[in-house]
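# Close look at the chain arrangement
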Amino acid sequence: MWRARRAAVACEVCQSLVKHSSGIKRNVPLQKLHLVSRSIYHSHHPALTLQRPQLRTSFQQFSSLTNLSLHKLKLSPIKYGYQPHRNFWPARLAARLLKLRYIILGSAVGGGYTAKKTFDEWKDMIPDLSDYKWIVPDFIWEIDEYIDLEKIRKALPSSEDLANLAPDLDKITESLSLLKDFFTAGSPGETAFRATDHGSEGDKHYRKVSDKEKIDQLQEELLHTQLKYQRILERLEKENKELRKLVLQKDDKGIHHRKLKKSLIDMYSEVLDVLSDYDASYNTQDHLPRVVVVGDQSAGKTSVLEMIAQARIFPRGSGEMMTRSPVKVTLSEGPHHVALFKDSSREFDLTKEEDLAALRHEIELRMRKNVKEGCTVSPETISLNVKGPGLQRMVLVDLPGVINTVTSGMAPDTKETIFSISKAYMQNPNAIILCIQDGSVDAERSIVTDLVSQMDPHGRRTIFVLTKVDLAEKNVASPSRIQQIIEGKLFPMKALGYFAVVTGKGNSSESIEAIREYEEEFFQNSKLLKTSMLKAHQVTTRNLSLAVSDCFWKMVRESVEQQADSFKATRFNLETEWKNNYPRLRELDRNELFEKAKNEILDEVISLSQVTPKHWEEILQQSLWERVSTHVIENIYLPAAQTMNSGTFNTTVDIKLKQWTDKQLPNKAVEVAWETLQEEFSRFMTEPKGKEHDDIFDKLKEAVKEESIKRHKWNDFAEDSLRVIQHNALEDRSISDKQQWDAAIYFMEEALQGRLKDTENAIENMIGPDWKKRWMYWKNRTQEQCVHNETKNELEKMLKVNDEHPAYLASDEITTVRKNLESRGVEVDPSLIKDTWHQVYRRHFLKTALNHCNLCRRGFYYYQRHFIDSELECNDVVLFWRIQRMLAITANTLRQQLTNTEVRRLEKNVKEVLEDFADDAEKKVKLLTGKRVQLAEDLKKVREIQEKLDAFIEALHQEK
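Residues numbered from 1 in each chain as written. Predicted model: local features only at pLDDT ≥ 70, side-chain atom pairs only at ≥ 80, totals over all residues. Heavy atoms only, no water.

## A closer look at the overall build of the chain
The secondary structure content of the chain amounts to 35 helices and nine strands. The 960 residues of the chain split such that 42% are buried. Sequence separation of 24 or more characterises 79% of the internal contacts of the chain that already satisfy a separation of 6 or more. Split by element, the accessible area of the chain, about 55,300 Å² in all, is 52% carbon and sulfur. (Helix = DSSP H or I, 4+ residues; strand = E, 2+ residues; numbered from the N terminus. Buried < 20%, exposed > 50% of the residue type's maximum accessible area, 1.4 Å probe, protein only. Contact = heavy atoms within 4.5 Å. Areas by Shrake-Rupley, 256 points an atom, 1.4 Å probe, with all protein chains shown as cover.)

## A word on the pairing of strand β9 (residues 497–500)
Going residue by residue along β9, you find Gly497 and Phe499 tucked away on one face and Tyr498 and Ala500 tucked away on the opposite face as well. By the bridge criterion, four bridges tie strand β8 (residues 462–467) to β9 in an arrangement that is parallel. Bridged to Phe464 within β9 is Tyr498. (Pairing = 2+ DSSP bridges.)

## Some thoughts on the state of the cysteines
Under the definition given, this model contains one disulfide. One disulfide in the model links Cys856 with Cys874; its S-S distance is 2.0 Å. A torsion of -100° about the S-S bond marks the disulfide between Cys856 and Cys874 as left-handed. Here Cys856, found in the loop between α31 (830–855) and α32 (860–864), pairs with Cys874, found in the loop between α32 and α33 (875–919); they are 18 residues apart in sequence, far enough to count as distant. Of the residues examined, Cys856 reaches a relative accessible area of 0% and is grouped as buried. What makes Cys874 buried here is its relative accessible area of 0%. The thiol of Cys853 is not disulfide-bonded; the next cysteine sulfur, from Cys856, is found 6.6 Å away. A relative accessible area of 0% places Cys853 in the buried class. (Disulfide = S-S within 2.5 Å.)

## With respect to the packing of aromatic side chains
Counted according to the given criterion, the structure contains 17 aromatic pairs. A ring pair is formed by Trp553 and Phe952, whose centres lie 6.5 Å apart and whose planes are at 25°; its orientation type is stacked. You can see Trp553 sitting in helix α20 (residues 541–581) and its partner Phe952 sitting in helix α35 (residues 931–959), a full 399 residues away along the chain. We classify Phe952 as buried; its relative accessible area is 0%. When the ring centre of Phe341 is taken as origin, the NZ or CZ atom of Arg366, which lies over that ring, is 4.0 Å away. Across the ring face of Phe594, the terminal group of Lys924 is positioned such that the distance to the ring centre comes to 5.6 Å. (Phe/Tyr/Trp six-rings, centres within 6.5 Å; stacked < 30°, edge-to-face > 60°. Lys NZ or Arg CZ within 6 Å of the ring centre and 35° of its normal.)

## Notes on unusual backbone geometry
Positive phi outside glycine occurs at Ser298, with the angle close to 65°. In this fold, Ser298 is placed in the loop between β1 (291–295) and α12 (301–309). Given the relative accessible area of 47%, Ser298 is considered partly exposed. You will see that Gln310, though not glycine, has its phi angle at about 65°, which is positive. In this fold, Gln310 is placed in the loop between α12 and β2 (327–332).

## What about the sheet that holds strand β7 (residues 432–438)?
With mixed pairing, nine strands are arranged side by side in an open sheet as β4-β3-β5-β2-β6-β1-β7-β8-β9. In this open sheet, the two edge strands, each paired with only one partner strand, are β4 (348–349) and β9. Bridging between strand β3 (residues 338–341) and strand β5 (residues 382–387) involves four bridges; their strand directions are antiparallel. In the strand pairing of β5, Val338 is matched with Lys387.

## Remarks on the confidence of the model for the chain
Predicted coordinates in regions of low pLDDT should not be interpreted in detail. Per-residue confidence for the chain gives a mean pLDDT of 75, with 69% of residues at or over 70. When pLDDT is averaged over each element of the chain, β1 comes out on top at 91 and helix α3 (residues 58–61) at the bottom at 35. Long-range and interchain partners of residues 1–86, a stretch whose pLDDT sits below 50, account for 94 contacts in this model, where long-range means more than four residues apart. Below a pLDDT of 50 lies the segment residues 281–285, which in the model reaches 11 contacts outside its immediate sequence neighbourhood of four places, other chains included. (pLDDT = per-residue confidence, 0-100.)

## Describing the packing of helix α21 (residues 590–608) against helix α25 (residues 698–711)
Viewed as axis vectors pointing N to C, α21 and α25 meet at an angle of 50°, and their least axial separation amounts to 11 Å. By the angle between their axes, α21 is oblique relative to α25. Where α21 crosses over α25, the handedness of that crossing is right-handed. Every residue of α25 that contacts α21 at Phe594, Ala597, Glu600, Ile601 and Glu604 is listed here: Leu700, Lys701 and Val704. (Axes fitted to C-alpha atoms, helices over the stretch in contact; angles between N-to-C directions. Parallel < 35°, antiparallel > 145°, perpendicular 65-115°, else oblique. Left-handed = near helix turned anticlockwise from the far one by under 90°.)

## Thoughts on helix α23 (residues 646–663)
The first and last C-alpha atoms of α23 sit 26 Å apart over 18 residues, in line with the 26 Å expected at 1.5 Å per residue. Inspection of α23 places Phe649, Thr652, Val653, Leu657, Trp660 and Thr661 among the buried residues, and these make up the whole buried set. Take α23 and look down its axis: the buried residues cluster within an arc of 155°, on one side only. Those residues of α23 that are buried lie in contact with α22 (613–641), α24 (665–686), α26 (718–731) and α33. (Expected span 1.5 Å × (residues − 1). Arc of directions from axis to C-beta.)

## Re the side chain of Thr503
Within the secondary structure layout, Thr503 lies in the loop between β9 and α18 (512–525). Judged by its relative accessible area of 14%, Thr503 is buried. Filtering out sequence-adjacent residues up to four positions away, Thr503 remains in contact with Ser303, Val304, Lys468 and Ile515.

## Re the pattern of salt bridges
Pairing between side chains of opposite charge can happen when the charged atoms of each approach one another. Summed over the entire model, instances satisfying the criterion amount to 38 salt bridges. Residue Arg627 pairs with Glu671 through a salt bridge whose shortest N-O separation is 3.4 Å. In this pair, Arg627 sits in helix α22 while Glu671 sits in helix α24, placing the two residues 44 residues apart along the sequence. The exposure class of Arg627 is partly exposed, given its relative accessible area of 31%. With relative accessibility at 32%, the residue Glu671 sits in the partly exposed group. Across the salt bridge formed by Arg882 and Asp654, the nearest N and O atoms sit 3.0 Å from each other. Within this pair, whereas Arg882 is found in helix α33, its partner Asp654 is found in helix α23, the two being separated by 228 residues in sequence. Among the charged side chains, a salt-bridge network with shared partners connects Arg571, Glu575, Glu587 and Arg943. (Salt bridge = Lys/Arg side-chain N within 4 Å of Asp/Glu carboxyl O.)

## Some words on the environment of Ser344
Mapped onto the secondary structure, Ser344 falls in the loop between β3 and β4. The exposure class assigned to Ser344 is partly exposed, which follows from its relative accessible area of 28%. As for Ser344 and Leu384, which are separated by 40 residues in sequence, their C-alpha atoms are 9.8 Å apart. A polar contact of 3.3 Å, which involves the side chain of Ser344, links it to the backbone nitrogen of Arg346. (Polar contact = N/O pair within 3.5 Å; in protein donor to acceptor, adjacent residues only side chain to side chain.)

The following block contains the structure:
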């Protein structure tokens, strides 16, 4: 009987300990009762078979601090099992109440102490996350501003207070040992206890196995916790993104009626653009940070950039080189996800597929435009701004992929050009190098890692990114090789951080959201994370973007003020040099000088319209006669003058004038007008303007003049209308007054005297110097000149005999002349006789025509009578009057066409040329050169850079 009572008490003690040791209010089923209680009082229960109790750890009871119960513990009413003896119940009740005091106090104190001990164990087990503070939002680190953690810590009881509250554990231990001795002294439960003791060795083995499982379970729970936190963080950031979008949209609509300032990253991007224009070769003066994205061709550079920019913005091609020039992408926040170029106002909506396709096409066109003929890549940078809610603020430069072999269709120097472009960007000591390595190919095939190691041997500004990790995990036989790559043990390069990303399934039509979901799903199930080969902060493009942005702004803050001081010193030096060399001149840069030259050129073009009509007609008439005079005299007048009578003369003249007008004259007239316009334009462009003339514009003006004349084309319909006018003018033979008659005679004399002078010069060159020059200037004739002279003398004798000899020599006359010369010992050729005769007869004819012209001065009266009953016929004067009148009418027509049409068209061409030159920076650099121009250009750029740097630094301080 007394043994049964003691067993019942033990059962109650175990039942209470089971209830209150976990700190959880609940009813304990039969399986949770002590094994002895079940063996004595519940032998009929079906679950009586002995089982090893499941090992429980403090970790399973308190997996996190949030699971701790903060309310006061309440006792559940104790339910007893079957009791066969109920005598002396007051005594038993008192004893139990006394025991209940220890149970309650021991459970409360023991539970609190166990909780604190468990918390300390958990705290030691959690790894040091101080290096990953950038993952946690800023409000977590500011939580102490809202909750007084120190006050809560002080309110918790100390270990000494808990020890004072606890009962005498030695006495409790002694009582439990008595109970054990009691049961081991041959009690009915001896077999059960022995069975438990026999299983102690198995329990030790079970604990060893469970420790390994415990570690695996902790790792898996930590991974799930991190992924859960990542999803919560993404959800919060998505909500924040939507809220910021609404705020920015309200600002755009002007609800707050305030002017938005430029974002910090936009200001920084403008500084980089100005620096790029100032120093395109990225020398030591350009040390401001930017993120330079380098990698082997098809390593995934573009995909990583698109994931960071959250849009498929770059051209794509299967195995083909698509990035042919550097692309500077400035990421900033904005209410809408849009992209725009630096030199364009068009916005591309990145949420629309048609705008994305147009943007990719525009980037491809700009790249091909930058690439010069005979080249494959270009160092010229394309500037692109991408704005959107939630984008990380930074400036990235996508470079052409490094290649190992030059394939067909590429320029021979493509490989060296790509290396030089990459080195130029990476040599900047403040450039952050984002080294992209394809994880799906052998590491030994990488080229870019050696290049990065040369530029940054200590890895102080390099971030290594392993792409296509999904393919790497699938194809690589040894997963530890991926770990070696991520940890930087496989490559000779060092880096600030190592990241692994997935850039999609290789489908170019995948959306960014689909790629991100695939990336998260892959890493959630990846063995690389489960086996701790990769850390959670080292995966996903999002973590990469956060790390790069943090590194970028840290480097910006460290270097921007130093660069501002450097440009202040440069500005002072340039201003001093200008004052010493050009004290009286304004500091005009190349663009300002071009605008000044442009205004001068336009003024000079306008001056063409101020030329008087009289001046136009005079120069046109003179130029046209100089062009056609030879044809008129040689092909029209001389053949007609050889005729026997006036009727034949007029008929011959009319026929030849008609042929000339139909075929040659209009074209010659247009050519003369165009050349006259060019000469006048050149005269206005090149003549000095006195003291204000600046010779620095001469080369530009000459280029504008040549290009404008090259583009100008005369109106095609001008010749047709001009032909009709000239034909009508030449058909008129009526001289109205004596003044016109005298003018025609003067015009004829002037023309004939000019021809006679030319003929005299030709004869002198043929026969050599005359006796006067030989005696005075000691000149002698050559043998050939002597022969020509003898032939000339013989031919002159023939003309004296026959004054009206025709223009051509007969065969017998040529023979007679040759024999006469041979009789004097002069051997001549028949062709020499003909050449000499042409000049001799020409001179004879012109002299005769001039004498006849002098006689015709008094012939106007006979002309009015149509030369009836007169031996004087002056039809040649009428011919020259017709020619003179045609020249005057043609000059007047051309002048009207010049002033009304062609000058304006030329002015339009000049404006177009100037606009084209204004857009062509290389042309301006070529045409506006010199130390003065370069010094002013540098001075302006340095001032602009300094102003933008100062504004950026001020905004940077305000953001802090």
